Structures are given as C-alpha cells and as structure tokens.
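Listed below are the residues making up each chain.
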Amino acid sequence: MLCGLCLLSACDAANPTLGPFIVTPAASIESSMPSVTVVAESPTSTPAPPITAITKAPDGRYLFIEIWYDASGSGNLPRLMIDFPTYAFDSAKGTLSATQYSRGRPIALRPGDWGLLGTGSRRIGSAGSGSGSGLERLTSLPFSTNMTLATGQASDSGEATQKAVVKFVGASSDGKVEALIDGERVVLAPGVRWQRKVSVALLTASHDGRYELTSSVTNYGWLEQAKIQSNP
C-alpha cells in the first residue's frame, strides 16, 4: 500500500477493466489510506493549484467522470452477487453506449448539462461476482454526490462500507476537474484517477480470507457528444 498523495503513470494493474467496460491505463492519485484491517486517518496532503473554471461546457462536448467501487478477495469469504451494467465506455475510442440492461432508456443530455457521471461496482474472486452501473446527468457545477468507501472492517455478512461526499467544484477548458473527495481537495486532469485502497482480513468461525477494496474517481475530461450511442 502506498501512503501519501502521489501521481502514478498507470492505474493499478488489478483494476484495468471495470466489468464490460474497456478502460485504458490512466494516471492515478492514491489517497493515503494504509493497508490494514482498521483504517487510519489520512495525513494532510499539499493541495494542487486551483483551476480556472469555465461557466459552461464547450459546444459539442460533455464532461465524463466515473465513480467506482471494486471488491476482490482471496480465501474463504462471503460471496455477494451484483448486476447489471447499463452502459459501456471505451476510453480509447471515447465512445459511450447503452447496454441491453438499460431497459431501453437512452443516454441523453439536455441543453445546459455539463456532462455525465457513471457510477458502478464490481465484485470478483472470493468477494463474489458481477457488476452493476448507471449514468447520471451532471446538470450543474458544483455538483455533489456520494461514493462508497471501505471502513476497514468485515464480518460474516461481508465487508463494511460507508458513504462519503464527493463534490465536483468546477471544470477548466482543458478538462481538469476540481473536486472534494471525502474532504480531500484534488485536481484531476483528463485520464487521472483518484483511488483509495483498503485491505481487510476476515477471520471467523465461518470464514478465513482477505478483501482487497478499491474506491475510485476517474476524470475523462471533455468528450465528443457525437460519440454517444444513445440506444443499445
């Protein structure tokens, strides 16, 4: 586990693809949560310079951001199943499309919208299987939402999680996004991912294993609206 705030040249190799979504390697900002059963407080990091925010999305473009929770594990753990992914994103091509699980709901932006927020989770290995996702319109900036974080505890029911506030403060013309993630101020350039990793051991009369849990926020910057495939 890496402690402190740092920029990496590539995402964690264990998380290159989220469910059916093709995700090319991105730079990463790892928050300073140590790999221990009980999560400790993150030390204060040096904030990035503020961005020069614009007042509306560029013509023909939309901002795309993803918030994901990934759970994997080894040994004997409670296996949880989730479904279904309602969208697919190919970051190499910049295409966003609805899947067969979208129930016919098209991907649609309205005039004045800033972009789209994709949220989802995935479980693999001993932690379970499946993935689920959805899209939400970024109707304004600032925009506040929630994300799932691991608490560093687990039981025979699975790992314990909590909700944290994510606030997207603004975006610049070159696609940088200023955000407050669980109280931590970060600036994400296009292709940069903030992530928090927690490793949790579970040892009870029924289970003996270890969870590897990752929460992430990825900014893909300004994408072409013409590459949105509204219907599956």
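Keep in mind that this is a model prediction, so the values were computed, not measured.

### Points about the packing of aromatic side chains
Turning to step 1, where the next piece is worked out: For the structure on display, the rule yields seven aromatic pairs.
Turning to step 2, where the next piece is worked out: An aromatic cluster of three or more residues is present, and its members are Tyr62, Phe64, Tyr87, Phe89 and Tyr220.

### Details of the pattern of salt bridges
Turning to step 1, where the next piece is worked out: According to the stated counting rule, one finds seven salt bridges in the structure shown.
Turning to step 2, where the next piece is worked out: In this structure, arginine 137 engages aspartate 113 in a salt bridge whose closest nitrogen and oxygen atoms are separated by 2.7 Å. With a gap of 24 residues between them, arginine 137 in strand β10 (residues 131–138) and aspartate 113 in the loop between β7 (95–98) and β8 (115–123) connect regions that are remote in the sequence.
Turning to step 3, where the next piece is worked out: Look at arginine 137 and you get partly exposed, because its relative accessible area is 26%.
Turning to step 4, where the next piece is worked out: Between lysine 176 and aspartate 174 there is a salt bridge whose closest N-O contact spans 2.7 Å.
Turning to step 5, where the next piece is worked out: Note on aspartate 174: relative accessible area 46%, which makes it partly exposed.

### Observations concerning the environment of leucine 180
Turning to step 1, where the next piece is worked out: Considering the arrangement of structural elements, one finds leucine 180 in strand β13 (residues 177–181).
Turning to step 2, where the next piece is worked out: Residues within four places of leucine 180 in sequence aside, it is in contact with Val165, Val166, Lys167, Val169 and Arg185.

### Topic: the pairing of β8
Turning to step 1, where the next piece is worked out: Judged by how many residues are buried, β8 sits mostly within the fold: seven of nine residues are covered.
Turning to step 2, where the next piece is worked out: Of the pairings in the sheet, the one linking strand β3 (residues 61–76) to β8 comprises nine bridges and is parallel in character. What sits directly across from glutamate 66, in β8, is glycine 118.
Turning to step 3, where the next piece is worked out: As paired elements, β8 and β10 share eight bridges and run antiparallel to each other. Bridging across to β10, threonine 119 finds its partner in glycine 134.

### Brief notes about the sheet that holds strand β17 (residues 228–229)
For sheets, the rule is that strands pair by backbone hydrogen bonds, running either parallel or antiparallel.
Turning to step 1, where the next piece is worked out: Pairing within the open sheet is mixed, and its three strands lie in the order β6-β7-β17. The open sheet has two edge strands with one neighbour each: β6 (87–90) and β17.
Turning to step 2, where the next piece is worked out: Bridge count for β6 against β7 is four bridges, and the pairing is antiparallel. When the sheet's bridge partners are listed, tyrosine 87 is paired in β7 with alanine 98.

### Quick look at the confidence of the model for the protein
Turning to step 1, where the next piece is worked out: For the protein, mean pLDDT is 83; residues scoring 70 or higher make up 79% of the total.
Turning to step 2, where the next piece is worked out: By mean pLDDT, the top-scoring element of the protein is β3 (98), and the lowest-scoring one is strand β1 (residues 6–8) (29).
Turning to step 3, where the next piece is worked out: Between residues 1–27, whose pLDDT stays under 50, and residues either more than four places distant or in other chains, the model counts 72 contacts.
Turning to step 4, where the next piece is worked out: Here residues 30–45 is modelled with pLDDT under 50, and outside its nearest four sequence neighbours on either side it reaches 46 contacts, counting other chains as well.

### So, the nonpolar core
Note that soluble globular proteins tend to have their nonpolar side chains buried in a common cluster.
Turning to step 1, where the next piece is worked out: Residues Leu63, Ile65, Met147, Phe168, Ile181, Trp194 and Val217 are the most contacted members of the largest nonpolar core, which totals 24 residues.
Turning to step 2, where the next piece is worked out: When contributions to this core are tallied by element, the ones reaching two or more residues are β3, β11 (143–155), β12 (158–171), β13, β14 (184–188), β15 (192–203) and β16 (208–224).
Turning to step 3, where the next piece is worked out: Per-element tally for this core: the top contributor is β12, with four residues.
Turning to step 4, where the next piece is worked out: Once residues lying within four places of it in the same chain are set aside, the contact partners of leucine 63 are Trp114, Gly115, Leu116, Leu138, Leu141, Ala171, Val177, Asn219, Gly221 and Trp222.
Turning to step 5, where the next piece is worked out: Membership of the second largest hydrophobic core comes to 12 residues, among which are Phe64, Leu96, Leu116 and Tyr220.

### Some points on the sheet that holds β14
Turning to step 1, where the next piece is worked out: In spatial order, the strands read β11-β12-β13-β14; together these four strands make up an open sheet with antiparallel pairing. Two strands close off the open sheet at either side, each with one partner strand: β11 and β14. Going from strand to strand, the sheet's axes swing by 30° on average, the running direction of each strand aside.

### Quick notes on the side chain of threonine 145
Turning to step 1, where the next piece is worked out: Position of threonine 145 relative to the elements: it lies in strand β11.
Turning to step 2, where the next piece is worked out: What makes threonine 145 buried here is its relative accessible area of 16%.

### Thoughts on unusual backbone geometry
Turning to step 1, where the next piece is worked out: With an omega dihedral of 5°, the bond running from aspartate 83 to phenylalanine 84 counts as a cis peptide bond.
Turning to step 2, where the next piece is worked out: Inspection of the secondary structure puts phenylalanine 84 in strand β5 (residues 84–85).
Turning to step 3, where the next piece is worked out: Located in the positive-phi region is aspartate 182, a residue other than glycine, with phi close to 50°.
Turning to step 4, where the next piece is worked out: Assignment of secondary structure puts aspartate 182 in the loop between β13 and β14.

Cut-off values and rules
- Residues numbered from 1 in each chain as written.
- Predicted model: local features only at pLDDT ≥ 70, side-chain atom pairs only at ≥ 80, totals over all residues.
- Heavy atoms only, no water.
- Phe/Tyr/Trp six-rings, centres within 6.5 Å; stacked < 30°, edge-to-face > 60°.
- Salt bridge = Lys/Arg side-chain N within 4 Å of Asp/Glu carboxyl O.
- Helix = DSSP H or I, 4+ residues; strand = E, 2+ residues; numbered from the N terminus.
- Buried < 20%, exposed > 50% of the residue type's maximum accessible area, 1.4 Å probe, protein only.
- Contact = heavy atoms within 4.5 Å.
- Pairing = 2+ DSSP bridges.
- pLDDT = per-residue confidence, 0-100.
- Core = buried A, V, L, I, M, F, W, Y, C linked by side-chain atoms within 4.5 Å.
- Axes fitted to C-alpha atoms, helices over the stretch in contact; angles between N-to-C directions.

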